[in-house]
Amino acid sequence: MKKVYIETYGCQMNEYDTELIRSILKANNYEFTDSQQNADVVFLNTCAIRENAHSKIYGRLGEIKHLKERNRNVVVGLLGCMSQNLRGNLKRQEELVDIFAGPDSYKRLPAMIESVLTKGGKKYDFALSEFEDYGDVYPQRVPGVNAWIAVMRGCDNFCTFCVVPYTRGRERSRSPENVVAEVQRLAEERFKQVTLLGQNVNSYRADGYDFADLMMMVSEVDGIERIRFTSPHPKDFPDKFLEVMADNPKICNHIHLPLQAGNNRILEQMARTYTKQSFLQLVDKIRDKIPNVALTTDVIVGFSSETDADFEDTFEVMETVEFDLAFIFKYSERENTIADRKFSDDVPPHKKTERIVRLNELQKRISLRKNQAVIGQSFEVLVEGPSKKNPNEWMGRTDGNKIVIFERGPFKAGDIIETEIVDATANTLFGKHDLSAHTSARHALPILHETN
Ligand code: SAH
Ligand code: SF4
Ligand code: F3S
């Protein structure tokens, strides 16, 4: 059996795609290895969202060059968004790569590897499909607490800064039956949480069902305790969806609501379809319908023509909304996007840095204040496993997706435990588990299992 080594970059959708690739290759008699030295095939599943995503891969290809010098037969493949974006036109190290494939080409990977191994030469496949949803492939997941599941793929929004509509093609949704059948299988495999994925997850639409309908159907699957979703677009928040979220205890009270910018002219230039005012109204509506909801966001600083005064609008929205967490990025112009063709990347780098520093400082203060405000309160925490830093400490997440660190105890990954928060930083809560409170857990399930 040939051995495949695969590294994944980018977002959760790419993590999920790697699980699809594993499944497709396994069905074709490949096995997987954690060691690139022993691999017959080395795949990088890449991202193109910002220039630094590309740079990372160029860096990795530089290292893989040495691997190929030692073993000339190793097949190197560049998969995913960067591959699709560049279509084989790498600026460097092009000769190293044998296979170039985009996100809709993964079912053809076994044939591509076969061809390179038997005939040599290079293989390219950048066919984007309006229909490919991989609904007939059951991903090979790493066992754990959370399972990713893509319910839709692609994006039709064409935000002017964004490369995703070009790397992942048109929006398409999987049928609800197909999604629910996969979630049922996940429950049988003892996954406790599913995260429904899509570049634009709340514009899900299939067979006359919308995202709210899908959420309801998924929540009826026994054994799944928590349902999350990412990333929604602020344009698709009908009341019905918020009501389903509010009424359904399995759907976590967390919405990742990408703001991108707070200035109306910039928002229009980005083609985001909302204004500062309508975004703030949406936040009010969400908080009104779902009290205690955690809100997180993405922001881009230094988009084309953004002035200091424009930036202050973004600052103001962040100050007003008080997100729980924010991912803030410097604008990175992507080739052939609408912004690349129509506008210029004219905000000087030092301005971008100044703005990102200011927003990060603001957000850190807000996150710290919000986290410290819950000291003394108790939360149900879904246990994920030992913390990365200290194996004697364990970590889990609240319903609002906050990380909680607590002492190891008589529980295992997948259990839901009651935890009292005793300390907090901007990114982490520290808890004390109260095992006596178990019987009052929300789902009244036997959540404390024997450790094994
Ligand atoms: N579909 C998701 C976005 C996926 S990309 C959504 O609409 O929310 C994740 C984040 O990367 C985006 O929200 C945006 O903040 C950021 N991003 C996208 N393109 C970018 C670019 N050209 N430069 C800097 N940040 C970018
Ligand atoms: Fe990109 Fe906008 Fe689509 Fe998100 S919604 S993937 S930012 S084009
Ligand atoms: Fe990157 Fe593609 Fe995801 S560009 S962020 S891997 S959709």
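Model, not experiment: these values are computed from the prediction.

### A closer look at the layout of surface pockets
- Reported here for the second largest pocket is a volume of approximately 530 Å³.
- Asn292, Ala294, Val374, Phe379 and Gly400 are the residues nearest the centre of the second largest pocket, which is lined by 19 residues in total.
- In terms of residue count, the dominant contributor to the lining of the second largest pocket is strand E17 (residues 378-386) (three residues).
- Of the residues contributing to the lining of the second largest pocket, the split by class is five nonpolar, six polar and eight charged.
- Of the domains in this structure, domain 2 (146-372) and domain 3 (378-439) are the two that each give at least three residues to the lining of the second largest pocket.

### Quick word on the site of ligand 3
- Taken together, the residues surrounding ligand 3 are Cys11, Asn14, Cys47, Ala48, Ile49, Cys81, Arg168 and Gln199.
- Split into classes, the residues belonging to the shell around ligand 3 amount to five nonpolar, two polar and one charged.

### A look at the pattern of salt bridges
- One pass over the full model with this rule turns up 34 salt bridges.
- Between Asp313 and Lys276 there is a salt bridge whose closest N-O contact spans 3.1 Å. In this pair, Asp313 sits in helix H11 (residues 308-321) while Lys276 sits in helix H10 (residues 276-289), placing the two residues 37 residues apart along the sequence.
- Given the relative accessible area of 12%, Lys276 is considered buried.
- With its nearest N and O atoms 2.8 Å apart, the salt bridge here joins Arg369 to Glu322. Placement of Arg369 in helix H13 (residues 349-373) and of Glu322 in the loop between H11 and strand E16 (325-330) is noted, with a sequence separation of 47 residues between them.
- Arg369 gets classed as partly exposed once you look at its relative accessible area, which sits at 49%.
- Residue classification places Glu322 among the partly exposed positions, given a relative accessible area of 26%.

### Here we look at the packing of helix H6 (residues 176-188) against helix H7 (residues 211-219)
- At a minimum axis separation of 9 Å, H6 and H7 run at an interaxial angle of 30°. If you check the angle between H6 and H7, you find them roughly parallel. Pair H6 / H7 crosses with right-handed handedness. On H7, the residues that touch Pro176, Val179, Val180 and Val183 of H6 are Leu214, Met217 and Val218.
- Tallied by class, residues from the contact of H6 with H7 come to seven nonpolar, no polar and no charged.

### Notes on the sheet that holds strand E13 (residues 226-230)
- With parallel pairing, the three strands of this open sheet are ordered in space as E7-E10-E13. Looking at strand neighbours, the two that pair on one side only are strand E7 (146-150) and E13, the edges of this open sheet. Averaged over all neighbouring strand pairs, the angle between strand axes comes to 25°, with direction disregarded.
- In this structure, strand E10 (residues 193-197) lies alongside E13, joined through five bridges in parallel fashion. What sits directly across from Val194, in E13, is Ile227.
- Contacts between H6 and the sheet are confined to E7 and E10, with E7 contributing the most and set at about 165° to the helix.

### Focus: the site of ligand 2
- For ligand 2, the full set of nearby residues is Cys155, Asn157, Phe158, Cys159, Phe161, Cys162, Val164, Pro165, His233 and Arg272.
- Within the shell around ligand 2, the residues separate by chemical class into seven nonpolar, two polar and one charged.

### Describing the domain arrangement of the protein chain
- Domain annotation of the protein chain identifies domain 1 (3-125), domain 2 (146-372) and domain 3 (378-439).
- On a C-alpha basis, the centres of domain 1 and domain 2 stand 29 Å from each other.
- With 18 residues of domain 1 in contact, the opposing surface of domain 2 contributes 22 residues.
- For the pair domain 1 and domain 2, the summed buried surface comes to about 1700 Å²; carbon and sulfur atoms form 53% of the total.
- Of all residues in domain 1, the largest losses of buried area upon contact with domain 2 belong to Met13, Tyr16 and Arg50, amounting jointly to 36% of the total for that side.
- One can count four salt bridges joining domain 1 with domain 2.
- Ionic pairing is found between Glu51 and Arg334, a salt bridge with its closest N-O pair at 2.9 Å.
- Inspection of the domain 1/domain 2 interface yields 11 residue pairs in polar contact (both at pLDDT 80 or more).
- Counting residues per element, the ones that place at least two in the side of domain 1 that touches domain 2 are helix H1 (12-26), helix H2 (51-70) and helix H3 (81-86).
- At eight residues, the largest contribution of residues to the side of domain 1 that touches domain 2 is made by H1.
- Of the residues assigned to the side of domain 1 that touches domain 2, the class counts are seven nonpolar, five polar and six charged.

### Topic: the nonpolar core
- Judged by nonpolar contacts, the single largest core of 93 residues is most densely connected at Phe43, Ile99, Leu109, Leu196, Phe211, Phe229 and Ile255.
- Ranked by residue count, the leading element in this core is H1, at six residues.
- Counting residues domain by domain, this core receives three or more from each of domain 1 (3-125) and domain 2 (146-372).
- Apart from residues lying up to four places away in sequence, Leu109 is in contact with Ile21, Leu25, Phe43, Leu79, Ile99 and Ala101.

### Describing the environment of Glu182
- Here Glu182 is to be found in helix H6.
- For Glu182, a relative accessible area of 5% corresponds to the buried category.
- When near neighbours in sequence (up to four residues on either side) are disregarded, Glu182 contacts Tyr16, Val137, Tyr138, Pro139, Arg141, Ile149 and Arg174.

What counts and how
Residues numbered from 1 in each chain as written. Chains lettered and ligands numbered in written order. Predicted model: local features only at pLDDT ≥ 70, side-chain atom pairs only at ≥ 80, totals over all residues. Heavy atoms only, no water. 1 Å grid on protein atoms, 1.4 Å probe; cavity = no way out; pocket = protein on both sides within 12 Å on 5 of 7 lines; lining within 4 Å. Points joined across faces, edges and corners; volume = space filled by probe spheres on them. Helix = DSSP H or I, 4+ residues; strand = E, 2+ residues; numbered from the N terminus. Nonpolar A, V, L, I, M, F, W, Y, C, P; charged D, E, K, R; others polar. Domains from an automatic or database assignment. Near = heavy atom within 4 Å. Salt bridge = Lys/Arg side-chain N within 4 Å of Asp/Glu carboxyl O. Buried < 20%, exposed > 50% of the residue type's maximum accessible area, 1.4 Å probe, protein only. Axes fitted to C-alpha atoms, helices over the stretch in contact; angles between N-to-C directions. Parallel < 35°, antiparallel > 145°, perpendicular 65-115°, else oblique. Left-handed = near helix turned anticlockwise from the far one by under 90°. Contact = heavy atoms within 4.5 Å. Pairing = 2+ DSSP bridges. Buried area = accessible area lost by both parts, 1.4 Å probe. Polar contact = N/O pair within 3.5 Å; in protein donor to acceptor, adjacent residues only side chain to side chain. Core = buried A, V, L, I, M, F, W, Y, C linked by side-chain atoms within 4.5 Å.

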